[in-house]
Amino acid sequence: KQWYQRRVAITAGIKSLKNNITMMMMGSATELPAEPAEKTQFIEDMSDSQVNQASDYPPGLYNMGNTCYLAATLQCLRTVPQLSSALENSQGNFSRQTMVGSEGICAAMKQLFKEMDTTSDSVAPLVMVKVLHMTIPRFAEKGEGGVFQQQDANECWTELMRLMSEYLPGEGSTTSETIRKTLIEQYFGGEYATTLKCSETEDEPETKSIERWTQLRCHINADVRYMQIGLTMGLKENIEKTSPTLGRNAVYVKTSLINRLPSYLTINFIRFFYKEKENINAKVLKDIKFPVSYDAYDLCSPELKDKLQVTRDKFEAVRQKKLEKEMSSKEVRNKHDAVKEKPEVKYEPCGFP
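Residues numbered from 1 in each chain as written. Predicted model: local features only at pLDDT ≥ 70, side-chain atom pairs only at ≥ 80, totals over all residues. Heavy atoms only, no water.

Peer 1: Whenever I open this one, the sheet that holds strand 4 (residues 236-243) confuses me. Can you help?
Peer 2: Across a sheet, paired strands are connected by hydrogen bonds in the backbone, their directions being either parallel or antiparallel. Read across the open sheet, the four strands follow the order 2-1-5-4; overall the sheet is antiparallel. Each edge of the open sheet carries a strand with a single partner, namely strand 2 (207-213) and strand 4. Averaged over all neighbouring strand pairs, the angle between strand axes comes to 35°, with direction disregarded. In this sheet, strand 2 lies alongside strand 1 (residues 190-198) in antiparallel orientation, the contact comprising seven bridges. What sits directly across from Thr194, in strand 2, is Ser209. (Pairing = 2+ DSSP bridges. Helix = DSSP H or I, 4+ residues; strand = E, 2+ residues; numbered from the N terminus. Axes fitted to C-alpha atoms, helices over the stretch in contact; angles between N-to-C directions.)

Structure (structure tokens):
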């Protein structure tokens, strides 16, 4: 708007000029600089595809009728380079026998990710939606008007994890670490070191075991405002089961600590609970705060903490050196004026079996 007003003012000034008047010109009498080879293109003049390409945004996925739960899950999975590489190297293809099941799901994801890698425009996941509906019919349920019903993104995540674990094998290792059987277990699987103790008798010894999981659960209630509190509360719970010592049902205290952290930690916010009086599932709309970068060190077992501490000390040393360098430097750069370069992303291998 301001540019247009200046243009109108200049045009009006030129029209008011009279013949034979003396004017003082400002500028250089030399030759004008050459026009740049590549014209400057403003974001207002770009198409959606050009904006996505210039901004380095991932291509979107069209909503095929309440399929936002699937789009969110696929966009999240696509950020895992090891998974994308495993799908690309897989031999899965489509046929009448493989359209339904783990091979069909992996083949559809492989095709979709390859299409998203070659474009900056939004993509319609037609094949992926079709294969998902054929493999898991409950996701194909329709409501009034013949529109697909809304589904839970975590249920979709859990089912895709299960199907991929049936088809994608684990990667090899050059160390003496144990090779995980599946890729999902290798990069998304964690372990709990659990202790079960009967709270009604001291005569029964506590039992210890290992439990495997692919996501942590953050339980939400009136006292939970932060993700860390919800995760910590979920590590200790009371369960009722038969006591061999007492010969009846008794209350046990189950305590869990993380014994293995995966390369990619999935956290599920438990927002749904069952109301017995109304006989319905209700959703907790409470705002739960969580950090952009999460440190799960406090939830780990002493054995895992000892393994993590070595690398944590190295990171702390690097951080201290960086702070000292910034404090001693005399040249203070303006963050707004500094040229931002695209950082080179490097992925560290999974450190533990």
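From this point, the narrative continues.
Peer 1: Explain the packing of aromatic side chains here, please?
Peer 2: Within the structure shown, the criterion is met by five aromatic pairs. Between Tyr192 and Trp213, the aromatic rings sit 5.5 Å apart at their centres with planes inclined by 40°, giving tilted as the arrangement. You can see Tyr192 sitting in strand 1 and its partner Trp213 sitting in strand 2, a full 21 residues away along the chain. An identical accessibility class is assigned to Tyr192 and Trp213; each is buried. Three or more aromatic residues joined by ring pairs make a cluster, and in this case those are Trp157, Phe188 and Tyr264. The lysine or arginine in question, Lys305, covers the ring of Tyr297, its NZ or CZ lying 5.3 Å from the ring centre. (Phe/Tyr/Trp six-rings, centres within 6.5 Å; stacked < 30°, edge-to-face > 60°. Buried < 20%, exposed > 50% of the residue type's maximum accessible area, 1.4 Å probe, protein only. Lys NZ or Arg CZ within 6 Å of the ring centre and 35° of its normal.)

Peer 1: For this particular structure, what's the right way to read helix 6 (residues 126-135)?
Peer 2: An α-helical segment advances 3.6 residues per turn. Residues three or four places apart therefore align on the same side. Buried within helix 6 we find Met128, Val129, Val131, Leu132, His133 and Thr135. As for helix 6, its buried residues are in contact with helix 3 (68-78), helix 5 (102-117) and helix 7 (153-167). (Contact = heavy atoms within 4.5 Å.)

Peer 1: Looking at this model, I keep getting lost on the pairing of strand 8 (residues 280-283). Mind explaining?
Peer 2: Looking at chain direction, strand 7 (residues 272-275) and strand 8 are connected through four bridges and run antiparallel. Along strand 8, the bridge assignment pairs Tyr274 with Asn281. Where strand 7 hands over to strand 8, the hairpin turn is made up of four residues, of which Asn279 adopts a positive phi near 60°.

Peer 1: What is the right way to look at the pattern of salt bridges in this model?
Peer 2: Where side chains of opposite charge bring their charged atoms close, a pairing between them can arise. Scanning the model with the defined rule gives 13 salt bridges in all. We note a salt bridge from Glu211 to Lys254, for which the minimum N-O separation is 2.7 Å. Residue Glu211 is found in strand 2, and its partner Lys254 is found in strand 5 (residues 248-260); the two are separated by 43 residues along the sequence. Given the relative accessible area of 28%, Glu211 is considered partly exposed. Under the relative-accessibility criterion, Lys254 is labelled buried at 15%. The network of salt bridges with common partners includes Arg138, Glu155, Glu159, Arg162 and Glu166. (Salt bridge = Lys/Arg side-chain N within 4 Å of Asp/Glu carboxyl O.)

Peer 1: Whenever I open this one, the packing of helix 3 against helix 5 confuses me. Can you help?
Peer 2: The relative placement of two packed helices is expressed as an angle between their axes plus a distance between the axes. Put simply, helix 3 and helix 5 touch, their axes get as near as 12 Å, and they point 75° apart. Taken together, helix 3 and helix 5 sit at an angle that is classed as roughly perpendicular. Across the interface between the two elements, Leu74, Gln75, Leu77 and Arg78 of helix 3 pack against Met109, Leu112, Phe113, Met116 and Asp117 of helix 5. Split into classes, the residues belonging to the contact of helix 3 with helix 5 amount to six nonpolar, one polar and two charged. (Parallel < 35°, antiparallel > 145°, perpendicular 65-115°, else oblique. Nonpolar A, V, L, I, M, F, W, Y, C, P; charged D, E, K, R; others polar.)

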